[in-house]
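Observations on chain architecture
Residue strings, one per chain:
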Number of protein chains: 2
Amino acid sequence: MNAEIVGVGTELLLGQIANTNAQRISDTLAGIGVDVYYHTVVGDNLTRMAPAISQALSRADAVVITGGLGPTPDDITREGVALALGRRLERSPELVARVTAIFAAMGRDMPEANLQQADLPEGAVPIEPEGTAPGFMLDSKQGIVFALPGVPWEMAAMLHKTVVPELRMRAGDAATISRQVLVLGLGESLTHSKIADLVERQANPTIAYLAGMGQVRIRISAKAATEAAALSLIEPVEAEVRARLGASALPGNHATVAPALAELLRGSGATVGTAESLTGGLIGVELTALPGSSDYFAGALVCYSNDAKHAVARVPSEILDGPGAISEECAAALAEGAREVLGTTLGLSATGVAGPATQEGHPAGTIFVGAATAAATEVRALRGYGDRTNVRGFAATYAMDLGLRLLHAR
Amino acid sequence: MNAEIVGVGTELLLGQIANTNAQRISDTLAGIGVDVYYHTVVGDNLTRMAPAISQALSRADAVVITGGLGPTPDDITREGVALALGRRLERSPELVARVTAIFAAMGRDMPEANLQQADLPEGAVPIEPEGTAPGFMLDSKQGIVFALPGVPWEMAAMLHKTVVPELRMRAGDAATISRQVLVLGLGESLTHSKIADLVERQANPTIAYLAGMGQVRIRISAKAATEAAALSLIEPVEAEVRARLGASALPGNHATVAPALAELLRGSGATVGTAESLTGGLIGVELTALPGSSDYFAGALVCYSNDAKHAVARVPSEILDGPGAISEECAAALAEGAREVLGTTLGLSATGVAGPATQEGHPAGTIFVGAATAAATEVRALRGYGDRTNVRGFAATYAMDLGLRLLHAR
């Protein structure tokens, strides 16, 4: 069973947004053993959209289309699917009633244009709207087509309620399981050189890498008749990979450091607070992106100015006037200050220069991260590369990594 | 002149990362008047990659490929381009020297595998590596091909140093200019109903929308022989759009609220600090994503726990014990606390429930944002939809919007 994802929308081709819908759908389908071989993006243009949908149907069992289901004249995915499959559009009385009811419930007048959202290609089954746009599903000889709205959360809800159960049913009982090994502090080529022979021998499970922001993610995926059988294929390979990589591999099954740290904090009843300069609050944002984060996250003291570092995070004036805000000493004082002010088990910090300009004589990419517990304070000096986003992401990752290792060492 | 973007990498098809490279390239090319009609993503698989590159060349003047230029065995974009164009691969002595020198400079041994990065399809011109992976450019009868690394900052550097100047030269002197009008507080269909006739009449300039996270971005784009001529086509249309939308349209030419607020702060010599619960520091992260943000951003007090709200942001106990942390009163106290503690002109705040669970009797999506100056404090109650990311993004946007309007009203 394989699927192709077609993103519709001129805003994607103009670069106004990234195609995060394709990522979410791909990730979800990988989890149920459905292979994805292509993503395609086309604009709100019928003469390019219909052939793209036809091509997708010619090479995949299922096509998941996102976008172009709204009420404006450039929302023409309904027409595109109808044209690709040689079907007429019909107005669904059921959907007219649904769309009308949504506006009535919001106490707003429904613009006439919204009625086009009740049009469906012949034979299509409507998918209940999550916001205001209905989706649809169309089973044809060429394959099954799902058309979902472009708004990410509406898309995600329909994906889980309709697309996944439908494809699971068709794909049969085969299970795909993936486990991730997160590697910090080794580059991609060094990681590869340690496990190259395992990767070459790969068949089931497969081993894939993803490198970026100073980390390498290794994904080990197996297919089998049951989840238990798939897992038993993965386990010896994962153990061998971890043995080769040693302490560079983080424990657990995580794509990034934040959930790994969150799991450790939750499991040990510990709490965390941060004092951030360089990262501007990014560590806090990553830790609070997870549901239930109030169980372990107390707060973040984002201190961009030196006044704030002193007044809010209690960094001593001697440090700010001496080695300065961009120093190991300041990273240590920030981590300790976060712990004290927020009353947490662990304090994390990051200071440095995001760039592009040099600051206080330090080049862009200068990074100091810190972690403090009641027992110890540790600091690391690092060198980040690339743009502001990369330098800040790199610093956030390594601050959390330092905290994770310090907590583990307790 | 038009271009197609081909993303290479199984990690994209597995949904491990979003194709942000395609967004960045599209946005950049839109700015120089190069149209993009398709994005394609294929995996690290020669039998699918080569036809995808051939198809792209058959329908576009230029093809920009990202990814697959690394040192591991699944990095096969060099082979894919060679196969698509019927050329042999040749090892470039110039690149062998470059790649070797990069490792020598890092004081690391070069794994033998990295030498494959010195292979190029016949006739290709290497593009200087930014990290460790060289790119290349190949001019053929079918069109021009650029192959860039998948690491976003390496890709971006080569895009600006090589791809843009090369395509600008070929595209000739035609200029494309875009201006954005950011609309807050109106839905997409209401925005559309106010300017539908202008959109229908569109030719040059064109008008496009992008809705999401409680905002609608309107992009007005014109092509002409010179930038000045393009701008003079845009100006009357933009003025008409702004007249129709009134106060819902933010002043300036911005894609999001953060740079609009940053511009106003910088222009008026004002400073900002935040006290954030719900948003976990997101307002601070958005405001510090911009270079030079230390000119106006002092810090953020991210107070997840009630203790932190009281101790760090000085929210009175009567509020926390009375109306509670999720209330208009708390949003007001947080905004005032941020101003006082951080000593800034403006204080911003957000509190509420990101979800998925109900909290203190308030449903997910409950949002209160606040803004305070020396003269006034304002609070807004809002309702967010969708998942945690959406609710938090929505809250951050409207907190900054409230601050912008309060500063404007001074």
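Residues numbered from 1 in each chain as written. Chains lettered and ligands numbered in written order. Predicted model: local features only at pLDDT ≥ 70, side-chain atom pairs only at ≥ 80, totals over all residues. Heavy atoms only, no water.

1. So, the nonpolar core
As a reminder, the rule being used: Take the buried residues of types Ala, Val, Leu, Ile, Met, Phe, Trp, Tyr and Cys, join any two whose side-chain atoms come within 4.5 Å, and each joined set is a nonpolar core. Residue burial is assigned from relative accessible area. The probe radius is 1.4 Å, only protein chains are included, and a residue is buried under 20% of its type maximum, exposed over 50%, and partly exposed in between. Contacts are assigned to residue pairs that have any heavy atoms within 4.5 Å of one another.
Leu261 and Met400 of chain A together with Leu261 and Met400 of chain B are the most contacted members of the largest nonpolar core, which has 80 residues in total. Not counting the four nearest positions on each side in its chain, Leu261 of chain B is found in contact with Leu287, Leu346, Leu348, Met400, Gly403, Leu404 and Leu407 of chain B. By size, the runner-up hydrophobic cluster in this structure holds 34 residues, among which are Ala308, Ile319 and Ala338 of chain A together with Leu301 of chain B.

2. Some thoughts on the interface of chain A and chain B
This is how the line gets drawn: In short, buried area is how much 1.4 Å probe accessible area vanishes from two parts on joining, totalled over both. What makes a salt bridge here is a side-chain nitrogen of Lys or Arg within 4 Å of a carboxyl oxygen of Asp or Glu, nothing more. Pairs of N or O atoms are called polar contacts if they sit within 3.5 Å, as long as, within protein, a hydrogen donor faces a hydrogen acceptor (for residues adjacent in sequence, only side-chain-to-side-chain pairs). The classification used treats Ala, Val, Leu, Ile, Met, Phe, Trp, Tyr, Cys and Pro as nonpolar, Asp, Glu, Lys and Arg as charged, and all other residues, Gly among them, as polar. Pairing between strands requires that DSSP locate at least two bridges from one strand to the other. The secondary structure listing takes helices from DSSP runs of H or I that are at least 4 residues long and strands from runs of E that are at least 2 residues long, numbered from the N terminus.
Contacts between the two partners involve 73 residues from chain A and, on the opposite side, 73 residues from chain B. Counting the surface lost from both chain A and chain B, the interface buries some 6300 Å², and carbon and sulfur atoms represent 59% of this. Counting across the interface, chain A meets chain B through two salt bridges. With its nearest N and O atoms 3.2 Å apart, the salt bridge here joins Arg24 of chain B to Asp387 of chain A. For the pair chain A and chain B, the number of links is 33 residue pairs in polar contact (both at pLDDT 80 or more). Here the residues of the side of chain A that touches chain B are counted per class, giving 36 nonpolar, 25 polar and 12 charged. For strand S2 (residues 35-42) of chain A and strand S2 (residues 35-42) of chain B, the ladder comprises five bridges, and the chain directions are antiparallel. Opposite His39 of chain A, over in S2 of chain B, you have Val41 of chain B as the bridge partner.

3. Focus on the relation of the copies chain A and chain B
Heads up, the rule is: Residues below a pLDDT of 70 in either copy are left out; the C-alpha atoms of the rest, at least 70 in both, set the least-squares superposition of the copies.
Between the two copies, chain A and chain B, the superposition gives an RMSD of 0.1 Å; the rotation angle is 180° and the shift along the axis is 0.1 Å. Expressed as an axis order, the relation between the two copies is that of a two-fold axis.

4. Quick notes on the pattern of salt bridges
In total, this model carries 40 salt bridges over all chains according to the counting rule given. Arg59 of chain B is the salt-bridge partner of Glu4 of chain B, the closest N and O atoms lying 3.0 Å from each other. Taken together, the positions of Glu4 of chain B in strand S1 (residues 2-8) and Arg59 of chain B in helix H3 (residues 46-59) put the pair 55 residues apart, joining distant regions of the chain. It is possible to trace a salt-bridge network through shared partners that takes in Asp197, Arg201, Glu240 and Arg244 of chain A.

5. Looking at the sheet that holds strand S11 (residues 215-224) of chain A
Residues and elements named next belong to chain A. The line we're drawing: Whenever a helix is involved, its axis is fitted only over the stretch in contact; in every case the axis is a line through C-alpha atoms, and angles between N-to-C directions fall within 0 to 180 degrees.
Pairing is antiparallel in the open sheet, where three strands are placed in the order S9-S11-S10. Every other strand in the sheet has two partners, leaving strand S9 (175-184) and strand S10 (206-212) as the edge strands with one partner each. Recorded for the sheet is a direction-independent mean angle of 20° between the axes of neighbouring strands. The strands that helix H8 (residues 227-245) touches are S9, S10 and S11; relative to S11, the one it contacts most, it runs at about 150°.

6. Some thoughts on the sheet that holds strand S15 (residues 366-372) of chain A
Pairing in this open sheet of 10 strands is mixed, and the strands run S16(A)-S15(A)-S14(A)-S12(A)-S13(A)-S13(B)-S12(B)-S14(B)-S15(B)-S16(B) from one edge to the other. Taken across any chain shown, the strands that pair with only one partner, and hence form the sheet edges, are strand S16 (377-383) of chain A together with strand S16 (377-383) of chain B. Taken over all neighbouring pairs, the strand axes of this sheet differ in orientation by 15° on average, direction set aside. Both strand S12 (residues 272-276) of chain A and strand S14 (residues 346-352) of chain A contribute to a ladder of five bridges, which runs parallel. Among the inter-strand pairings, Glu276 of chain A is bridged to a residue of S14 of chain A, identified as Ala350 of chain A. The sheet contacts of helix H14 (residues 388-409) of chain A involve S14, S15 and S16 of chain A, and relative to S15 of chain A the element is tilted by about 25°.

7. Here's the deal with the environment of Gly324 of chain B
Residue and element names in this part refer to chain B. Within the element layout of this structure, Gly324 appears in the loop between helix H12 (317-321) and helix H13 (328-342). Residue Gly324 is classed as buried on the basis of its relative accessible area, which comes to 7%. Remark: the alpha-carbon pair of Gly324 and Asn306, spanning 18 residues in sequence, is separated by 9.1 Å. Sequence-distant contacts of Gly324, that is, excluding residues within four places in its chain, are made with Ile319 and Cys330.

8. Here we look at the domain arrangement of chain A
All names here are of chain A. Defined as follows: Annotation comment: domain bounds sourced from an automatic or database domain assignment.
What the domain assignment lists for chain A is domain 1 (2-171), domain 2 (175-248) and domain 3 (257-409). Each partner contributes residues to the interface: domain 2 has eight residues there, and domain 3 has nine residues. For the pair domain 2 and domain 3, the summed buried surface comes to about 670 Å²; carbon and sulfur atoms form 58% of the total. Applying the counting rule to domain 2 against domain 3 returns zero salt bridges. Inspection of the region where domain 2 meets domain 3 yields two residue pairs in polar contact (both at pLDDT 80 or more).

9. Some thoughts on the environment of Gln359 of chain B
Residue and element names in this part refer to chain B. Topologically, Gln359 is positioned in the loop between strand S14 (346-352) and strand S15 (366-372). In this structure Gln359 comes out as partly exposed when scored by relative accessible area, which is 35%. It is 8.7 Å that separates the C-alpha atoms of Gln359 and Ile326, two residues lying 33 residues apart in sequence. The contacts of Gln359, once residues within four sequence positions are left out, are Ile326 and Val353.

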